[in-house]
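The lines below spell out each chain.
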Amino acid sequence: MTQDTRWPSHGGQAAPLLTRFGLPCDHPLLDFSTNLNPLGAPDWVPSCLAAAAKGLERYPTPDYRLAREAIAREAGVSLEQVLLTNGGAEAIFLVAAAHAGGQAVIVQPTFTEYARACRAFAIAIDDVCLTPPDFSLDPARLAVSLDRGTLLFLCRPNNPTATLLPRETIEALLTLAALRGSRVVIDEAFIDFVTPFDESLAPLLARFDNLILLRSLTKLYALPGLRMGYLLASASLVRELQACQPPWSVNHLAAELVTPLLADGAFQARTRQWLSGEHPRLQAGLAAKGLEVIPSRANFFLVRPPLETVVGSAQTASAALFERLLRAGILARHTHGFPGLDGDWLRLALREGDANTRLLAALSEERTA
Ligand SMILES: Cc1ncc(COP(=O)(O)O)c(C=O)c1O
């Protein structure tokens with residue numbers, strides 16, 4: 001599908017939108033379009049980076065052993081099952097590179113980089129489109145699409161719907177895919193924000209050697225500029241994927257930070273506390289403003305205004321809501337470019353208490369306007 005170029009392709013890109021709606025570039029904005037932990041990075045990060053900077057004079061150790069050991073311990077897998085990557089994004093592109101010229105099934109609507117990576121490596125794409133309100137997936141639906149060598153891309157919890165495919169569905173898909181000789185790629189970039197907090201599929205790696213789990217450290221630790229991620233798979237699959245990775249792909253500063261970040265239990269506990277309080281409050285608050293809200297299992301919400309809200313305008317209800325929120329200082333994430341959503345929905349991040357309250361207040365003004 002073609003992306004409407006008037007809309008930026010990712011969240012956090014306010015400048016083109018301000019220009020488009022005739023607003024000044026210093027228009028004050030609260031960013032609800034990116035899904036980062038609003039607590040920000042742990043406060044010891046800058047001093048740790050400053051100390052690690054001494055090591056910039058050397059190449060990173062090519063196997064990133066210490067970082068991988070910390071990840072393996074946390075995920076309950078062996079060292080050989082871990083590949084450190086330059087953000088979750090590199091993990092996606094490595095998987096595509098290793099399957100160049102093949103075919104993939106992408107369960108839509110989802111993160112647009114799976115399709116972009118497939119296109120970059122001439123992988124033929126078959127989209128399977130799930131529909132609101134529950135975006136449920138019957139594994140039997142994939143029976144015809146999965147073939148020897150096919151890659152199946154899933155995101156869990158899914159960006160942008162915030163839905164979580166049940167573990168039983170995943171196990172059924174993995175079993176079906178194993179029978180067909182295909183591999184299942186599951187992106188867990190937002191798994192740290194799912195309650196209860198034990199939803200990762202890492203334990204399934206012991207049973208399924210056709211499973212590739214993609215992880216990002218960007219979201220939980222609010223460090224998108226550093227580029228930290230990893231993938232987990234069987235040892236032989238990790239070797240296959242590593243063969244496609246440029247040498248020293250992960251910079252020294254990012255690699256040095258992995259172990260202390262994973263060990264910061266206090267930060268993780270604070271994040272969980274914020275999430276447990278704010279998530280149900282915003283979910284209920286958005287619904288109380290008359291929005292249709294997809295029940296969220298992640299740190300963001302997919303919402304749609306009631307369809308009757310725009311009368312006599314060429315603009316859709318969600319485009320009108322997007323613009324009014326922008327004028328009120330709230331940057332939402334549009335959904336143009338997501339198959340099946342096509343701009344009719346908006347994605348709103350869960351932020352800290354005050355910001356969420358301001359979002360709800362802006363929606364109240366919006367209703368009385
Ligand atoms: C589902 C999903 N996976 C992966 C990524 C990329 O993460 P990273 O910043 O670690 O490359 C994103 C970024 O938005 C995402 O939404």
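Residues numbered from 1 in each chain as written. Predicted model: local features only at pLDDT ≥ 70, side-chain atom pairs only at ≥ 80, totals over all residues. Heavy atoms only, no water.

Asks: What should I look at first to understand the overall build of the chain in this one?
Replies: Within the chain one finds 11 helices and 13 strands. By principal-axis analysis of the C-alpha atoms, the chain measures approximately 60 × 55 × 35 Å. Buried positions account for 53% of the 369 residues belonging to the chain. A fraction of 72% describes how many contacts in the chain between residues 6 or more apart in sequence connect residues 24 or more apart. One finds the centroid of the 33 positive side-chain charges in the chain at a distance of 1 Å from the centroid of its 37 negative side-chain charges. (Helix = DSSP H or I, 4+ residues; strand = E, 2+ residues; numbered from the N terminus. Buried < 20%, exposed > 50% of the residue type's maximum accessible area, 1.4 Å probe, protein only. Contact = heavy atoms within 4.5 Å. Lys, Arg positive; Asp, Glu negative; His and termini not counted. Charge placed at Lys NZ, Arg CZ, Asp CG, Glu CD.)

Asks: Just to check I follow, could you spell out helix α3 (residues 65-75) for this structure?
Replies: Side chains of residues three or four places apart in an α-helix project in the same direction, reflecting 3.6 residues per turn. Taken residue by residue, α3 has Ala-67, Arg-68, Ala-70, Ile-71, Ala-72 and Ala-75 as its buried positions. Looking at the buried positions of α3, the neighbouring elements they touch are β2 (82-85), β8 (229-232) and α8 (252-262). One or two positions beyond α3, positive phi appears at Gly-76, with a value near 70 degrees.

Asks: Hey, could you run me through the environment of Arg-65 in this one?
Replies: Considering the arrangement of structural elements, one finds Arg-65 in helix α3. When its relative accessible area of 44% is taken as the criterion, Arg-65 is described as partly exposed. In this structure, the C-alpha to C-alpha distance between Arg-65 and Leu-83, residues 18 residues apart in sequence, is 9.8 Å.

Asks: Whenever I open this one, the site of the ligand confuses me. Can you help?
Replies: Residues in contact with the ligand amount to 15 residues; listed here are only the nearest, Asp-187, Ser-216, Thr-218, Lys-219 and Arg-227. A distance of 2.6 Å is found between an oxygen atom of the ligand and a side-chain nitrogen or oxygen belonging to Lys-219. Protein contacts shield 90% of the accessible area of the ligand, which totals 400 Å² for the unbound molecule. Looking at which element gives the most residues to the shell around the ligand, the answer is helix α4 (residues 87-98), with three residues. Of the residues belonging to the shell around the ligand, the class tally is seven nonpolar, five polar and three charged. (Near = heavy atom within 4 Å. Polar contact = N/O pair within 3.5 Å; in protein donor to acceptor, adjacent residues only side chain to side chain. Areas by Shrake-Rupley, 256 points an atom, 1.4 Å probe, with all protein chains shown as cover. Nonpolar A, V, L, I, M, F, W, Y, C, P; charged D, E, K, R; others polar.)

Asks: I'm lost on the environment of Leu-226 in this one. Help?
Replies: Relative to the helices and strands, Leu-226 is located in the loop between β7 (211-216) and β8. Judged by relative accessible area, Leu-226 falls into the buried class, the value being 15%. Through-space distance from the C-alpha of Leu-226 to that of Arg-180 is 38 Å; in sequence the pair is 46 residues apart. Beyond its immediate sequence surroundings of up to four residues, Leu-226 is in contact with Leu-49, Asn-251, Leu-253, Ala-254 and Leu-257.

Asks: What's the story with the packing of helix α2 (residues 45-52) against α8 in this structure? I'm lost.
Replies: When two helices pack together, their arrangement is given by the angle between the helix axes and the distance between those axes. Running from N to C, α2 and α8 point in directions that differ by 130 degrees, and their axes come no closer than 10 Å. Regarding the angle of α2 to α8, the classification is oblique. For α2 against α8, the interelement crossing comes out right-handed. Facing α2, whose interface residues are Val-45, Cys-48, Leu-49 and Ala-52, α8 presents His-252, Leu-253, Glu-256, Leu-257, Pro-260 and Leu-261. Residue composition of the contact of α2 with α8, by class: eight nonpolar, one polar and one charged. (Axes fitted to C-alpha atoms, helices over the stretch in contact; angles between N-to-C directions. Parallel < 35°, antiparallel > 145°, perpendicular 65-115°, else oblique. Left-handed = near helix turned anticlockwise from the far one by under 90°.)

Asks: Even after reading the chapter, I still don't get the packing of aromatic side chains, so can you show me in this structure?
Replies: Each aromatic ring pair is summarised here by two numbers: the centre-to-centre distance and the angle between the ring planes. With the rule as written, the count across this model stands at seven aromatic pairs. Taking 5.0 Å as the distance between ring centres and 75 degrees as the angle between the ring planes, the aromatic pair formed by Phe-190 and Phe-300 counts as edge-to-face. Of the two residues, Phe-190 is situated in the loop between β6 (183-187) and β7 and Phe-300 in strand β10 (residues 300-304); the sequence distance between them amounts to 110 residues. Ring geometry for Tyr-221 versus Phe-267: centroids 5.6 Å apart, planes at 25 degrees, classification stacked. Separated by 46 residues along the polypeptide, Tyr-221 in the loop between β7 and β8 and Phe-267 in helix α9 (residues 265-288) bring together distant segments of the chain. Of the aromatic side chains, those joined through ring pairs into one cluster are Phe-111, Tyr-114 and Phe-153. The ring of Phe-300 is capped by Arg-347, whose NZ or CZ atom sits 5.7 Å from the centre of that ring. Arg-351 extends its terminal NZ or CZ atom over the ring of Phe-32, reaching a point 5.6 Å from the ring centre. (Phe/Tyr/Trp six-rings, centres within 6.5 Å; stacked < 30°, edge-to-face > 60°. Lys NZ or Arg CZ within 6 Å of the ring centre and 35° of its normal.)

Asks: What am I meant to see in the pairing of strand β13 (residues 346-349) here?
Replies: If a strand is regular, its side chains alternate between the two faces of the sheet. On β13, burial covers both faces: Leu-346 and Leu-348 on one face and Arg-347 and Ala-349 on the other are all buried. Pairing geometry for strand β12 (residues 333-334) and β13, over two bridges, is antiparallel. Each bridged residue has a counterpart across the sheet, and for His-334 the counterpart in β13 is Leu-346. (Pairing = 2+ DSSP bridges.)

Asks: Can you help me understand the environment of Leu-321 in this one?
Replies: Note on placement: Leu-321 falls in helix α10 (residues 317-327). Note on Leu-321: relative accessible area 2%, which makes it buried. As for Leu-321 and Leu-154, which are separated by 167 residues in sequence, their C-alpha atoms are 29 Å apart.

Asks: Honestly, α10 in this entry has me stumped. Any pointers?
Replies: Buried residues dominate α10, accounting for nine of its 11 residues. Inspection of α10 places Ala-317, Ser-318, Ala-319, Ala-320, Leu-321, Phe-322, Glu-323, Leu-325 and Leu-326 among the buried residues, and these make up the whole buried set. Directly after α10, the chain includes Gly-329, whose backbone phi takes a positive value near 90 degrees.

Asks: Honestly, the sheet that holds β2 in this entry has me stumped. Any pointers?
Replies: Two modes of strand pairing occur in sheets, parallel and antiparallel, and in both the strands are linked by backbone hydrogen bonds. In spatial order, the strands read β2-β8-β7-β6-β5-β3-β4; together these seven strands make up an open sheet with mixed pairing. What marks the edges here is a single partner per strand, and that holds for β2 and β4 (124-129). Between one strand axis and the next, the sheet turns through 20 degrees on average, direction left out of account. The sheet contact formed by strand β3 (residues 103-108) and β4 spans six bridges and is parallel. In the strand pairing of β4, Val-105 is matched with Asp-126.

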